[in-house]
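Below, each chain spelled out in residue letters.
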Amino acid sequence: PAAPTDALGAWRFTPTEFVCTLPLADGIFATLDLRAPAAEPFPPDAELVVRVAARVLQCWLAGAEPSLADLTREAVRPAVSQFVGRIEEELERAKRFDLRLSLVLIDIPGTVSGHLDATTIMKDAVRQELRGSDVLGTMNGDRVAALLTHTDGVGSHKVVGRLRRRLGEAAGRLNVPGVTVGFAAFSPECRTADALLAQAAQDAQPVAL
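Note that the structure is a prediction, hence the values are computed from the model and not measured.

1. A few points about the overall build of the protein chain
Here's step 1: On a plain count of helices and strands, the protein chain comes out with six helices and eight strands.
Here's step 2: For the protein chain, the sequential pattern of α-helices and β-strands runs β-β-β-α-α-α-β-α-β-β-α-β-α-β.
Here's step 3: Each of the 209 residues in the protein chain was classed as buried or not, and the buried ones make up 40%.
Here's step 4: For the protein chain, long-range pairs separated by at least 24 residues make up 62% of all intrachain contacts whose partners lie at least 6 apart in sequence.
Here's step 5: For the protein chain, the accessible area works out to roughly 11500 Å², and carbon and sulfur atoms hold 55% of it.

2. With respect to the packing of aromatic side chains
Here's step 1: Across all of its chains, the model carries two aromatic pairs by this definition.
Here's step 2: Pairing F13 with F18 gives two aromatic rings, centres 5.4 Å apart and planes at 70 degrees, and the pair type is edge-to-face.
Here's step 3: With relative accessibility at 1%, the residue F18 sits in the buried group.
Here's step 4: A ring pair is formed by F13 and F42, whose centres lie 5.8 Å apart and whose planes are at 25 degrees; its orientation type is stacked. Taken together, the residues F13 in strand β1 (residues 11-14) and F42 in the loop between β3 (28-35) and α1 (46-63) connect sequence positions 29 residues apart.
Here's step 5: F13 gets classed as partly exposed once you look at its relative accessible area, which sits at 26%.
Here's step 6: An aromatic cluster is built from F13, F18 and F42, whose rings are joined through pairwise contacts.

3. Quick word on helix α5 (residues 153-174)
Here's step 1: Under the 1.5 Å per step criterion, the end-to-end length of α5 is 30 Å for 22 residues, consistent within 8% with the ideal 32 Å.
Here's step 2: For α5, the full list of buried residues reads S156, V159, V160, L163, L167, G168, A170, A171 and L174.
Here's step 3: In this structure, the buried side of α5 is in contact with β4 (101-107), α4 (118-127), β6 (143-149) and β7 (180-185).
Here's step 4: Backbone nitrogen of V154 and a side-chain oxygen of the N-cap are separated by 3.3 Å at the start of α5; the cap is D152.

4. Here we look at the sheet that holds strand β2 (residues 17-25)
Sheet strands line up and pair through hydrogen bonds in the backbone, either parallel or antiparallel.
Here's step 1: The strand order across the open sheet formed by three strands is β1-β2-β3, and the pairing between neighbours is antiparallel. Two strands lie at the open edges of the sheet, namely β1 and β3, each paired on one side alone. Taken pair by pair, the neighbouring strands of this sheet meet at an average axis angle of 20 degrees, ignoring direction.
Here's step 2: Sheet topology places β1 next to β2; four bridges connect them, and they run antiparallel. Bridging across to β2, R12 finds its partner in V19.

5. What to know about α4
Here's step 1: Looking at α4, one finds that the buried residues are A118, T119, M122, K123, A125 and V126. Here the buried residues of α4 occupy an arc of 160 degrees about the axis, which is enough to place them on one side.

6. A word on the pattern of salt bridges
Here's step 1: According to the stated counting rule, one finds twelve salt bridges in the structure shown.
Here's step 2: R162 is the salt-bridge partner of E129, the closest N and O atoms lying 3.1 Å from each other. With E129 in the loop between α4 and β5 (135-140) and R162 in helix α5, this residue pair connects regions lying 33 residues apart in the sequence.
Here's step 3: Judged by relative accessible area, which is 35%, R162 ranks as partly exposed.
Here's step 4: Among the charged side chains, a salt-bridge network with shared partners connects E17, D33 and R35.

7. Observations concerning the nonpolar core
Here's step 1: V104, I106, M122, L167, V176, V179 and V181 are the most contacted members of the largest nonpolar core, which totals 23 residues.
Here's step 2: Looking at this core, the elements that each hand over two or more residues are β4, α4, β6, α5 and β7.
Here's step 3: For this core, the leading source of residues is α5, giving seven residues.
Here's step 4: If we ignore the near neighbours within four places in the chain, the residues touching L167 are I106, M122, A125, V126, V181 and V207.
Here's step 5: Counting residues in each nonpolar core, the second largest holds 20 residues, with L91, A94, A145 and L197 among its members.

Conventions we followed
- Residues numbered from 1 in each chain as written.
- Predicted model: local features only at pLDDT ≥ 70, side-chain atom pairs only at ≥ 80, totals over all residues.
- Heavy atoms only, no water.
- Helix = DSSP H or I, 4+ residues; strand = E, 2+ residues; numbered from the N terminus.
- Buried < 20%, exposed > 50% of the residue type's maximum accessible area, 1.4 Å probe, protein only.
- Contact = heavy atoms within 4.5 Å.
- Areas by Shrake-Rupley, 256 points an atom, 1.4 Å probe, with all protein chains shown as cover.
- Phe/Tyr/Trp six-rings, centres within 6.5 Å; stacked < 30°, edge-to-face > 60°.
- Expected span 1.5 Å × (residues − 1).
- Polar contact = N/O pair within 3.5 Å; in protein donor to acceptor, adjacent residues only side chain to side chain.
- Pairing = 2+ DSSP bridges.
- Axes fitted to C-alpha atoms, helices over the stretch in contact; angles between N-to-C directions.
- Arc of directions from axis to C-beta.
- Salt bridge = Lys/Arg side-chain N within 4 Å of Asp/Glu carboxyl O.
- Core = buried A, V, L, I, M, F, W, Y, C linked by side-chain atoms within 4.5 Å.

Structural measurements only, silent on function.
This is how it looks when you write it as C-alpha cells:
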C-alpha cells in the first residue's frame, strides 16, 4: 500500500480497537493493531498512552538493522544489527562487573549536495568528542550511535552537551537541519539494548544550528 503522508500515518481509535501505520522508510511501514478484550474496553487514557508508545516504537523500528526493505530482499540476513549486538555485549559486561554505560543516539537526515556523505562528516565530528574506550557505530544510513563506557547519566549529559555544540556547528556548515541527539544510561529501568535505544530516541532533541 502507499505510504501514509503524516508522521504516524492513519489512526483509528475506538473503545475496543486501535490501529495505526508507522512509516519507517520510503514505501516501508509497519501496522500496529491492538484489540481490547470483549468485556474490557480500553480505559479513557489509553489513546494518549498508546500514541506515545507508538512514537517510541516507530523510532526503534526505523533505526533497527537491517531495514524491512533489506529483509524482503534477503530474508536470511540476521534480524539484529552488528552494533545492537555490541550494545548487548557491553551491557552484559556492565551487569557482570557493575560498570557504568551510556548510549548516545544521533539522527542525521540524509546527505548534502556537493559534499561528502553527511553521515560520514557527522561521525567524524562525533569521534572528536569520544575517548578511545568509547564505541562508535551506525544503526542505519542516517542514524549514528555511540557507547560511552564507564560513563553514567551525569557524565553522559556532559558529553552530550559537547556533542550538541559540535554537531550544531557541523550541521550549520553543511546546512543540514533536523539533526537530533538523545541519550540513555544503563540503569535498572534500562538493562537491554531495546530499552536503551527506546529511551535515547525518546530523549532526542534537535541541535541548534
